[in-house]
Amino acid sequence: TAEVMSHVTAHFGKALEECREESGLSPEIMEEFKHFWSENFEIVHRELGCAIICMSNKFSLMQDDARMHHVNMDDYIKTFPNGEVLSAKMVDLIHNCEKQYDDMTDDCERVVKVAACFKTDAKKEGIAPEVTMIEAVMEKY
Ligand code: BOM
């Protein structure tokens, strides 16, 4: 659900500042990770892909090939309130997006494509949070 996704995003987003330097993601491109879900934020910058790889590695959510680690992602989502209602769906959506861009060899470029695909599909499925929902739970993490 969107409520669960707001918790996952609030927690995951905390790793952004640790990843700014190595990813080259400037605050001009993305000020805070919650804007990932903003209607007017376009998921197009290679640096965002690099940042997502770096952030995922903080929580062991990616394999060495910069693809999602299915078991760890499932476990991670399940650590949040009602996470068990979102985990399988989210892993499925992300994997479906990964398959569509599997031929891209630049990891950062590919991950930003996968992330944009995931945002679109999460909206279609009605599990995309509003930025205000993320703000409401950010203080918990
Ligand atoms: O092959 C790349 C696998 C990683 C893709 C991750 C897509 C989602 C990243 C951005 C969305 C964040 C929202 C919540 C936290 C997800 C861990």
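Residues numbered from 1 in each chain as written. Predicted model: local features only at pLDDT ≥ 70, side-chain atom pairs only at ≥ 80, totals over all residues. Heavy atoms only, no water.

Draft legend 1. How the structure looks around helix H1 (residues 2–12). The buried fraction of H1 amounts to 10 of the 11 residues, a majority that puts the element mostly inside the structure. Turning to H1, its buried residues number three or more, namely Ala2, Val4, Met5, Ser6, His7, Val8, Thr9, Ala10, His11 and Phe12. Of the surrounding secondary structure, the elements contacted by the buried residues of H1 are helix H2 (16–23), helix H3 (46–58), helix H4 (70–78), helix H5 (87–100), helix H6 (107–124) and helix H7 (131–138). (Buried < 20%, exposed > 50% of the residue type's maximum accessible area, 1.4 Å probe, protein only. Helix = DSSP H or I, 4+ residues; strand = E, 2+ residues; numbered from the N terminus. Contact = heavy atoms within 4.5 Å.)

Draft legend 2. Up close: the layout of surface pockets. Computed from the structure, the largest pocket encloses a volume of approximately 170 Å³. Residue lining of the largest pocket: 13 residues in total, with Gly13, Lys14, Glu32, Phe33 and Met138 positioned closest to the centre. At the level of elements, H1, H2 and H7 are the ones that each hand at least two residues to the lining of the largest pocket. Here the residues of the lining of the largest pocket sort into six nonpolar, two polar and five charged. (1 Å grid on protein atoms, 1.4 Å probe; cavity = no way out; pocket = protein on both sides within 12 Å on 5 of 7 lines; lining within 4 Å. Points joined across faces, edges and corners; volume = space filled by probe spheres on them. Nonpolar A, V, L, I, M, F, W, Y, C, P; charged D, E, K, R; others polar.)

Draft legend 3. Region of the structure containing the confidence of the model for the chain. Overall, the predicted model of the chain reaches an average pLDDT of 98, with 100% of residues at or above 70. We note a pTM of 0.97 for the whole complex and an ipTM of 0.92 for its interfaces. (pLDDT = per-residue confidence, 0-100.)

Draft legend 4. The state of the cysteines, seen in detail. The tally for this structure, following the rule as stated, stands at three disulfides. Sulfur-sulfur distance for the disulfide between Cys50 and Cys108 comes to 2.2 Å. Taking the torsion about the S-S bond as the criterion, the Cys50 to Cys108 disulfide, at about 115°, is right-handed. Linking Cys50 in helix H3 with Cys108 in helix H6, this pair joins segments that are 58 residues apart in sequence. In this structure Cys50 comes out as buried when scored by relative accessible area, which is 12%. Residue Cys97 pairs covalently with Cys117 via a disulfide, S to S 2.0 Å. Taking the sign of the S-S torsion, about -80° here, the bridge from Cys97 to Cys117 comes out left-handed. (Disulfide = S-S within 2.5 Å.)

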